[in-house]
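If you want the building blocks of each chain, they are given just below.
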Amino acid sequence: QVHLVESGGGLVQAGGSLRLSCAASGGTLSNYVMGWFRQAPGKEREFVAAIRGSGGSPLYADSVKGRFTISRDNFKNPVYLQMNSLKAEDTAVYYCAAGNSRTVVPGAYTYWGQGIQVTVSS
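Just so we're clear, the structure is a prediction, and the values are computed from it rather than from any experiment. (Residues numbered from 1 in each chain as written. Predicted model: local features only at pLDDT ≥ 70, side-chain atom pairs only at ≥ 80, totals over all residues. Heavy atoms only, no water.)

Trainee: Can you help me understand the nonpolar core in this one?
Mentor: Across soluble globular proteins, nonpolar side chains have a tendency to be buried as a group. Within the largest apolar cluster, 34 residues are counted, with the highest numbers of intra-cluster contacts made by M34, W36, L81, M83 and Y94. Secondary-structure elements contributing two or more residues to this core are β3 (18–25), β4 (33–39), β5 (46–51), β7 (68–73), β8 (76–83), β9 (92–99) and β11 (116–121). Excluding residues within four positions of it along the chain, L81 makes contact with L18, R19, L20, W36, V48, A49, F68, T69, I70 and Y94. (Core = buried A, V, L, I, M, F, W, Y, C linked by side-chain atoms within 4.5 Å. Buried < 20%, exposed > 50% of the residue type's maximum accessible area, 1.4 Å probe, protein only. Helix = DSSP H or I, 4+ residues; strand = E, 2+ residues; numbered from the N terminus. Contact = heavy atoms within 4.5 Å.)

Set out below in structure tokens:
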């Protein structure tokens, strides 16, 4: 069974930066699209960013474009989400996901991490 584990979350002041990492255990995800989603309290899970197995064609939500960067370590796991210029609105539980298509739809992703809290204070 493939398990995804996020790390790197925490509490940060607005304008600060965090770097999330997603590592896989129980299998390899070299050929999978990797995505990041987030869910704020009382809100639905929303797309943040995704990247192809090749490491190319990153896709970002408009809300994070220009501030967040998704990347892969030599086109393989782990996958990272560099978050800069953080805003209070970025506060959420962030989830790493793996799937077969580069899409914003959560249901298209097969494997999910447990989520990690990111809290941005202002």
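Continuing now.
Trainee: Just checking my understanding: could you explain unusual backbone geometry for this structure?
Mentor: Generally, phi is negative for residues other than glycine and the peptide bonds are trans, each holding for most cases. Phi is positive for S57, close to 50°, though the residue is something other than glycine. The residue S57 is located in the loop between β5 and β6 (59–60) in this model. A relative accessible area of 32% means that S57 is categorised as partly exposed. Not every positive phi belongs to a glycine, and S85 is a case in point at roughly 50°. Relative to the helices and strands, S85 is located in the loop between β8 and β9. Taking the relative accessible area as the measure of exposure, S85 reaches 42% and is therefore partly exposed.

Trainee: Where do I start with the pattern of salt bridges in this structure?
Mentor: Opposite charge on two side chains permits pairing when their charged atoms draw close. With the rule as written, the count across this model stands at 4 salt bridges. The salt bridge involving R38 is made with D90; its shortest N-O contact spans 2.9 Å. Of the two residues, R38 sits in strand β4 while D90 sits in the loop between β8 and β9, which places them 52 residues apart along the sequence. When sorted by exposure, R38 lands in the same class as D90, which is buried. Its salt-bridge partner being D90, residue R67 comes within 2.7 Å of it at the nearest N-O pair. Of this pair, R67 sits in the loop between β6 and β7 while D90 is found in the loop between β8 and β9, placing the two residues 23 residues apart along the sequence. Its relative accessible area of 10% is what places R67 among the buried residues. (Salt bridge = Lys/Arg side-chain N within 4 Å of Asp/Glu carboxyl O.)

Trainee: Explain the state of the cysteines here, please?
Mentor: Throughout this description, disulfide means a covalent bond between two cysteine sulfur atoms. The tally for this structure, following the rule as stated, stands at 1 disulfide. In this model C22 forms its disulfide with C96; the gap between the sulfur atoms is 2.0 Å. Since a negative S-S torsion denotes a left-handed disulfide, the C22-C96 link at about -85° is left-handed. Of this pair, C22 sits in strand β3 while C96 sits in strand β9; the two residues are 74 residues apart in sequence, bridging distant segments of the chain. On the basis of relative accessibility, which here comes to 0%, the residue C22 falls in the buried class. (Disulfide = S-S within 2.5 Å.)

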